[in-house]
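# Inside the fold
Given next are the chains, with one letter for each unit.
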Amino acid sequence: MRVGILGPLQVAGCAVGGARVRALLVRLALDPGRVVTTDRLIDDLWPGEAPAHPMAALQSLVSRARREAPGVISSHPAGYALDVPPGEVDAWAFERLVRAGDVRRALALWRGPALADAADLPFATAPAARLEELRLTALATRIAADLSTTITTDPAAAPSATPADDPTAAQGTTTADGPAPASTASTADHPERGAGLVAELEGLVAAHPLREPFHALLMRALTTQGRRAEALALFERIKAALAEELGVDPGPELREAHLEALRDAEPKSNLPARLTSFVGRSEDMSRLKGRLGRSRLVTLVGPGGAGKTRLAVEVAAGLHVPDGVWLVELATATGVRAALEGALRTTDPVRALRGTAPLIVLDNCEHVIEEAATTARTLLSEVAGLRILATSREPLDIPGETLHHVLPLPEEKAAELFAERAAAARPDLRVAPEEAARICRELDGIPLAIELAAARLRTMPLSVLVRQLGDRLAFRGGRTAEPRHRTMRAVIDWSWNLLSDRERELLRGLTVFSGGATYEAISQVCGGDLDLLSSLVDKSLIAVSGDRYTMLETIRQYAAADLPELRQAHARYYTELAETADPHLRTGEQLKWLAVLDAEQGNLDAALRHSDDPLRVILPRLWSWIIRGRHREINEQAASVLRRVGDTPPPGRELAHGICRVLAGFAPTEAVLESDHPAALNSWALAGVGTPADVVSLTERQSGRLRDHPDLWTRSAALLATGIVRFEYGAVAGAEDLLVPAVDGFRAVGDRWGQWAGLFWLSLVAENHGDFATAVTLAEEPERLATELSGLDTPLGPMTFLIRVGQLKGRAGDHAGAARALEQAWESAVRSDDQAIVTRVMHARAELARRTGHPEEAARLLETALALDVEVSAQLRAYMNVELARVREPREPLRRALELMATCSDRTARATVLEGVAEHLEPEAAAELLGAARALRGIGESADPHVNELAAKCRAALGEHGYREASARGASIPNPERYALRPLSSP
């Protein structure tokens, strides 16, 4: 607004001083854009006695106003005008907005008493009164709108029988005995918004003691909050005041508010009383109340047993609806009309409801869906104030319908429900949260299934119940439960009987899928069209999640049938999917296709189990398992396939059969040795086939054969496999020359797996040389790549990289960086509850504690880790004992470390332990072990400062020649661990 007179005068960008100047601008603002004559202005601005020279005084006043507010006043032969469009004067905009019904924007313009700078001048009295009256009218309109929303959405309190301080009293779900709704007797439970309206209205009533609209609104607000007595008392006070002051009776608005307060004394409802607590649906209740405030028809849809009826009744009981809440049960009704008439006790529901604003709950619409939809549309069309809350396994599908999907309970809430119902069945039984969660997962989180299972604990131990979960369809409810709720089979029967033959056929077919399926997969395997799928979704028998159709395991168990042809069609489809994905796993599209395979893992596993050609299925899956580091899964699946197909490969499946045999520990066949398939390149290394010499020989043969392969990825993979084998089996010097071009090749094709694998081993090469700074640099990038791949397990998972980076930074002198990495690793390890990982982090933190001058903390961590009953590698136990020897009496820890290394094939691990033992021996023996360690590492001089410091001490004691002789002797010792035990055995 350029000019404001709803409060102190405001002129945009100007500071106007002087009372008479401000009064002039206020007067002109009452008629913006119109000429106000000089005579009119003189009379209005000097109402008592005009100045001696009125025209001159006016001209002087205008000149001052023009100086202080340039461009606002224009001259005319007859007078002056405010040269501003009416819409830029707040009073004019205010009136326009009020007339248009936009009272909130209008009231936002009000800053204080209208025409405040001319309050003592007669010309302002009438317009200020008119604007104030408009403000009060707009204020009443705004409050009435706020109050209407509050009445619609404010929840009612829990039944009086439920303690007000019971946090679970207002939550729950379907019971085995059918719906257990809230009591009909309630007092209002109101949010801060309702209390704020009451406070605002009380102030307005005090300021305007005879203004009926504000009294009527205050009565309605008090009634909404359950303060009926105060509302009735207020009516009596205003009635007496009107009679005494004005000699009139209350008007229609007050009388209607009075009737509402009287009606509120006896709420109308046929909702049955609650029998059990309501658990797990607080978020659903909140959303539903909001939706009922915006939509006149809200339908709760979901699978049988999800708790739609109980939720609907709880929501209905929690709303303050003065004109009544009516439950119309259709499950056993012969017709919707008859059920409605019976609930309302009238033969003409439309006539009985017209002019009121009730809430009707239409329960179990699915078996009379057509009539339920028609009746709901008629009622909503004829009764403007009516709202309907419907429950159905499929939508009513009429205009204005809002759907609320009632899903199975999330795990935490499901476990809470199971524990509570189990305690009711067996008060002496305590169910551990993790056990309750496991049971609820098996039961799909379906509330009815959970309640039926919990009830069985009355007659059986928990362990027996767990074994019975596979027969969940037969779990039986209480004597008073409706027949359709007595077992889960009966619940699904209710839906099954409403399906067409084609829908039943498709639902059976969908049971061959595991973990859901895309539309393309379903159409290829089952031939089901989109209309049939949509119908099953509408009927809550399957669901849509992202781009997949999913099915609850309970429904799958019900509908499952022996479908051998469909099983083979399913296996063929997912075999072809794996074959399509396989080459993309070695490109920049690797993450995208891994995500596809992850989403389809259940179906891919099912295809492998059921296929008539399992060797075809397993071959394209091998590389994704290798990428994910799932070596145990590879070996188990390969062994399973071999048991099915036998020792002789079917024609055309020689390669897959040969790789499976290698993974099972057999020597590679020619089919494997001559193949360029990714899994064939290093399958014998994965399986540990043969002696180290055998592995080296086979790998070198492959590398030579594939050195000129036309595919860059294949050449890089051959280089990587050969580099790893050389490092592992002693040819460290040649490993780096192979690993660097391998990484470059993988970068060129975009394969993240190849990059992190190559960089990881290059980091090990640098660490083997003692160059920890370079090792850190090389290890940090694999950590990022491993996190991107995200499915990597031990030994090369993201957490493993994090621990390794922390250790390397500590050895490189970056203690702060090491602490940050290890703290993050520790938090992840604790969350994972993987005690093997916890042990590894404790070892790394102990090493850092010792390096930073905290030997007691290091000892405490190591002793705790070594005492854990957890399976870890011999190398890790040896490392922990070597570290413990640095902060405790060394003899016994060093003995244990050497004994653990006696049969170890990891040359770098053996070297690390020997270097650690050398710290505690006399110079000659120490020099011998340093020589043995250097020979195992396959290097010349080490860059490790700690090793070099120890070598310098030996040189100082033995002399250069003596040190070199001792070192050479150590390099030739066949079993240095046994040799090192001798000085530790002597007293």
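These notes cover the structure that comes with them. (Residues numbered from 1 in each chain as written. Predicted model: local features only at pLDDT ≥ 70, side-chain atom pairs only at ≥ 80, totals over all residues. Heavy atoms only, no water.)

## Focus: helix H48 (residues 945–971)
The end-to-end C-alpha distance of H48 is 20 Å, clearly below the 39 Å that 27 residues give at a rise of 1.5 Å each. When we look at burial in H48, the residues that qualify are Val947, Leu950, Ala951, Cys954, Tyr963, Ala966, Ser967 and Gly970. Turning to H48, the residues buried within the fold contact helix H46 (907–918) and helix H47 (923–937). For H48, the N-terminal cap is Asp944; the gap from its side-chain oxygen to the backbone nitrogen of His946 is 2.9 Å. (Helix = DSSP H or I, 4+ residues; strand = E, 2+ residues; numbered from the N terminus. Expected span 1.5 Å × (residues − 1). Buried < 20%, exposed > 50% of the residue type's maximum accessible area, 1.4 Å probe, protein only. Contact = heavy atoms within 4.5 Å. Polar contact = N/O pair within 3.5 Å; in protein donor to acceptor, adjacent residues only side chain to side chain.)

## What to know about the packing of helix H45 (residues 891–901) against H46
Each pair of packed helices can be described by the angle between their axes along with the distance between the axes. H46 packs onto H45 with a crossing angle of 160° between their chain directions and a minimal axis gap of 10 Å. In terms of axis orientation, H45 runs roughly antiparallel to H46. Considering only the axes of H45 and H46, their crossing is left-handed. Taking contact as the criterion, the partners of Leu894, Ala897, Leu898 and Met901 in H45 are, on H46, Ala909, Arg910, Val913, Leu914, Gly916 and Val917. By residue class, the composition of the contact of H45 with H46 is eight nonpolar, one polar and one charged. (Axes fitted to C-alpha atoms, helices over the stretch in contact; angles between N-to-C directions. Parallel < 35°, antiparallel > 145°, perpendicular 65-115°, else oblique. Left-handed = near helix turned anticlockwise from the far one by under 90°. Nonpolar A, V, L, I, M, F, W, Y, C, P; charged D, E, K, R; others polar.)

## A closer look at the pairing of strand S8 (residues 359–363)
Taken across its five residues, S8 has five buried, putting it largely inside the fold. Two strands pair when backbone bridges link them, and strand S7 (residues 325–329) and S8 are joined in this way by five bridges, in the parallel orientation. Looking at the pairing, Glu329 lines up with Asp363 of S8. Examined bridge by bridge, S8 and strand S9 (residues 387–392) share four bridges and lie parallel to one another. Residue pairing in the sheet places Val361 in a bridge with Leu389 of S9. Note on the crossover from S8 through helix H15 (residues 369–382) to S9: the handedness is right-handed. (Pairing = 2+ DSSP bridges. Right-handed = clockwise from strand over helix to strand, strands pointing away.)

## Concerning the side chain of Glu394
Turning to its location among the elements, Glu394 is positioned in the loop between S9 and strand S10 (401–405). Although Glu394 lies buried, it forms no salt bridge, and the closest oppositely charged side chain, Lys539, sits 4.7 Å away as judged by the N-O distance. Not counting residues up to four positions away in its chain, the partners in contact with Glu394 are Val301, Glu366, Ile369, Asp538 and Lys539. (Lys, Arg positive; Asp, Glu negative; His and termini not counted. Salt bridge = Lys/Arg side-chain N within 4 Å of Asp/Glu carboxyl O.)

## Here's the deal with the environment of Val805
With respect to the element layout, Val805 can be found in helix H40 (residues 798–811). The spatial distance from the C-alpha of Val805 to the C-alpha of Phe772 is 9.9 Å, given a sequence separation of 33 residues. Each residue touching Val805, except ones within four places of it in the same chain, is listed here: Ala779, Glu780 and Glu783.

## Remarks on H46
End to end, H46 covers 16 Å across 12 residues, agreeing with the expected 16 Å (1.5 Å per residue, within 8%). Where burial is concerned, most of H46 is hidden: 10 out of the 12 residues are buried. Among the residues making up H46, those that are buried are Thr908, Ala909, Arg910, Ala911, Val913, Leu914, Glu915, Gly916, Val917 and Ala918.

## Observations concerning the sheet that holds strand S13 (residues 548–550)
A sheet is described by the order of its strands in space; here three strands give the open sequence S11-S13-S12, paired in antiparallel fashion. The outermost strands of the open sheet, each flanked by one partner alone, are strand S11 (517–518) and strand S12 (543–545). Sheet topology note: the S11/S13 ladder contains two bridges and is antiparallel. Within S13, the residue paired with Thr518 across the bridge is Arg548.

## Details of the pairing of strand S4 (residues 73–76)
In the case of a regular strand, side chains alternate between the two sheet surfaces. Two strands pair when backbone bridges link them, and S4 and strand S5 (residues 79–82) are joined in this way by four bridges, in the antiparallel orientation. Note on S5: the bridge partner recorded for Ile73 is Leu82. Linking S4 to S5, which pair antiparallel, is a turn of two residues.

## Remarks on the nonpolar core
Generally speaking, a soluble globular protein has its nonpolar side chains buried in company with each other. Core analysis: the biggest nonpolar cluster contains 83 residues, and Leu507, Leu510, Phe513, Tyr574, Leu622 and Trp753 have the highest contact counts within it. Top contributing element to this core by residue count: helix H38 (residues 752–768), with nine residues. Not counting chain neighbours up to four residues away, the residues in contact with Tyr574 comprise Phe513, Ala517, Ala521, Glu600, Asn603, Leu604 and Ala607. Tyr80, Leu147, Leu201 and Val205 belong to the second-largest nonpolar core, a separate cluster that totals 72 residues. (Core = buried A, V, L, I, M, F, W, Y, C linked by side-chain atoms within 4.5 Å.)

## Details of the sheet that holds S7
Pairing is parallel across the open sheet formed by five strands, whose spatial order is S7-S8-S9-S6-S10. Of all the strands in the sheet, the pair left with one neighbour each is S7 and S10. For this sheet the average axis-to-axis angle between neighbouring strands, irrespective of direction, equals 20°. The strands that helix H13 (residues 336–344) touches are S7 and S8; relative to S7, the one it contacts most, it runs at about 140°.

## Thoughts on unusual backbone geometry
One can expect most non-glycine residues to show negative phi and most peptide bonds to be in trans. Despite not being glycine, Asp397 shows a phi value in the positive range, around 60°. Structurally, Asp397 is set in the loop between S9 and S10. Overall, Asp397 belongs to the exposed group, its relative accessible area being 68%.

## Here we look at the packing of aromatic side chains
Taken as a whole and judged by the stated rule, the model has 10 aromatic pairs. A centroid spacing of 5.3 Å and a plane angle of 90° characterise the contact between Trp623 and Trp713, whose relative ring orientation is edge-to-face. On the criterion of sequence distance, the pair formed by Trp623 in helix H29 (residues 622–628) and Trp713 in helix H36 (residues 712–728) is long-range, its members being 90 residues apart. In this pair, the class of Trp623 matches that of Trp713, namely buried. With a centroid separation of 5.7 Å and an interplanar angle of 90°, the aromatic rings of Phe760 and Trp761 are classed as edge-to-face. Like Phe760, the residue Trp761 is buried in the burial classification. Joined through ring pairs, the aromatic side chains of Trp623, Trp713, Phe746, Trp753 and Trp756 make up one cluster. Directly above the ring of Phe666 sits Arg661, whose terminal nitrogen or CZ lies 4.1 Å from the centroid. (Phe/Tyr/Trp six-rings, centres within 6.5 Å; stacked < 30°, edge-to-face > 60°. Lys NZ or Arg CZ within 6 Å of the ring centre and 35° of its normal.)

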